[in-house]
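Inside the fold
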Amino acid sequence: MSVVLVVLTIVQLVSSLPKGYLGTGEEPTEEPLPPTTAPLANLEGLLENLEGLLENPESLPENPESLPENLTETPPTTAPVYGASKDPLCHKVEKVEWVDHCEDYVEKTCYTQNKEECEPKAFNNCTSVIITDVDRACFKVVEMVCSLEEHIKYETVEETYKVTKCTRIKDRICDTIFDVTTLTKDVYECLNLTSPNCYLEDKVLDEVTCTHSVEFDCRREAPEHSDGYGIKEVVCHQKPTSHCYDVPRTVHKENCTEEVHKYCEKFSNQFPFPQEKQNCHFETKKICEIQGRTRPKKAKVFTYSKDCKPVEREICDTVEKKRLVPTCDIQDRFVCSYVPVEQCNEEAKQYCQKDEKIIIEEVCDIKIDTSYL
């Protein structure tokens, strides 16, 4: 440690001397040196302290700050520079500057929006109604037409004269006939009806949003025709990137289907049928009595019998008959579909970064030769 301190002290002493005090072999300049005794006085003090330290090296302190003031103090800078060169001594120094390096690129953003397209579609909408038809009902029947058949018989009355005294009276005769009558009955009738069944359904549609951009890979590379020598330049390579994501959107879509359902209804209806009945009427008949006389005479005796003849007949009647029928109308409903439509926007952007730029500058000094640096 003591040897190092001694060497440092010698270097400090030599550097404080003017250039003309040492034998460097250079020719002295023509300019006269100004007479001064300050450097010599300092030199004598430094040499005395140095001799004391060399005779007793154990007295050197470990901390350089505890050295004598005349060994650690800086030589005065007001002293003139002796032996200075007229021409400055110059050397080149590399300096690093940060410059902005920007690259132009285009960022493309695409949005997908669903376009609704609806068109009408016809559906059958049916209901039931009760209609009344006028029906003509005819039946073929056999009627019995009856009458009284008169029979005359003669009787001979002896010894007396008989006179027939007759009177006419009405006798009730009934015919068997048929009439059309109706009977009201409850009818339960069913039929199939078609009607649209529509409902709203939540449908999730994915709309795609894409961003087309550029990533930059910047590196320092040597020029193409420099054979690996020269100052490296920053070269940026563009790499296209694409980023897409889905945007779910919920829409209400109406779905319609035709459904067939059974519809039943109870109503009253009239049913015709032939009904037998008696048609009674009065026929005239004679009632005679025989009165005796005293002379013989043939007397007539009247007898009657019922004579019925079948008569074929067609009987018809008009009746009202109800029935259940479907009535339908066309109902237009919208059927929608969704078509994705893409829309893109382009935006011009710049990617900038700080790059190192090495600048070689020439630094000159008239005091110290720096050409070896």
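As the structure is a prediction and not an experimental result, all values here were calculated from the model.

Procedures and definitions
- Note on numbering: residues in each chain are counted from 1, in written sequence order.
- Residues qualify for local features only when their pLDDT is at least 70, as the model is predicted, and side-chain atom pairs are given and counted only at 80 or more; totals for whole chains, interfaces and linings, by contrast, use all residues.
- Side-chain numbers here rest on the full set of heavy atoms in the structure, without hydrogens or water.
- Take a side-chain nitrogen of Lys or Arg and a carboxyl oxygen of Asp or Glu: if they are within 4 Å of each other, that pair is a salt bridge.
- Secondary structure elements follow DSSP: runs of H or I no shorter than four residues count as helices, runs of E no shorter than two count as strands, and numbering proceeds from the N terminus.
- With a 1.4 Å probe rolled over the protein chains alone, any residue whose accessible area is under 20% of its type maximum counts as buried; one over 50% counts as exposed, and the rest are partly exposed.
- In plain terms, two cysteine sulfur atoms within 2.5 Å form what is called a disulfide here.
- Throughout, a contact is declared for two residues whenever any of their heavy atoms are within 4.5 Å.
- Counting of polar contacts relies on pairs of N or O atoms within 3.5 Å, with two restrictions inside protein: one atom must be capable of donating a hydrogen and the other of accepting it, and residues adjacent in sequence are counted only when both atoms are side-chain atoms.

Let's shift gears to the pattern of salt bridges. Scanning all chains against the criterion turns up 10 salt bridges. For Glu361, the salt bridge identified is with Lys95, shortest N-O distance 2.9 Å. Of this pair, Glu361 sits in strand S4 (residues 297-365) while Lys95 is found in strand S1 (residues 89-157), placing the two residues 266 residues apart along the sequence. Given the relative accessible area of 30%, Glu361 is considered partly exposed. Taking the shortest distance from any N to any O, the salt bridge between Asp171 and Lys285 comes out at 3.3 Å.

Glancing now at the state of the cysteines. Per the stated rule, a full pass over the model turns up 13 disulfides. There is a disulfide in this structure between Cys198 and Cys256, and the S-S distance comes to 2.0 Å. One disulfide, between Cys198 and Cys256, carries an S-S torsion of 115° and so falls in the right-handed class. Of this pair, Cys198 sits in strand S2 (residues 163-221) while Cys256 is found in strand S3 (residues 233-291), placing the two residues 58 residues apart along the sequence. A residue is classified by how much of its surface remains accessible, and Cys198, at 25% relative accessible area, is partly exposed.

One can find Thr318 in strand S4. A residue is classified by how much of its surface remains accessible, and Thr318, at 42% relative accessible area, is partly exposed. Sequence spacing of Thr318 and Pro272 is 46 residues, and the spatial spacing of their C-alpha atoms is 9.3 Å. When neighbours within four sequence positions are excluded, Thr318 is seen to be in contact with Val134, Asp135 and Arg136. At 2.8 Å, the side chain of Thr318 forms a polar contact with the side chain of Arg136.

Keep in mind these values describe shape, not function.
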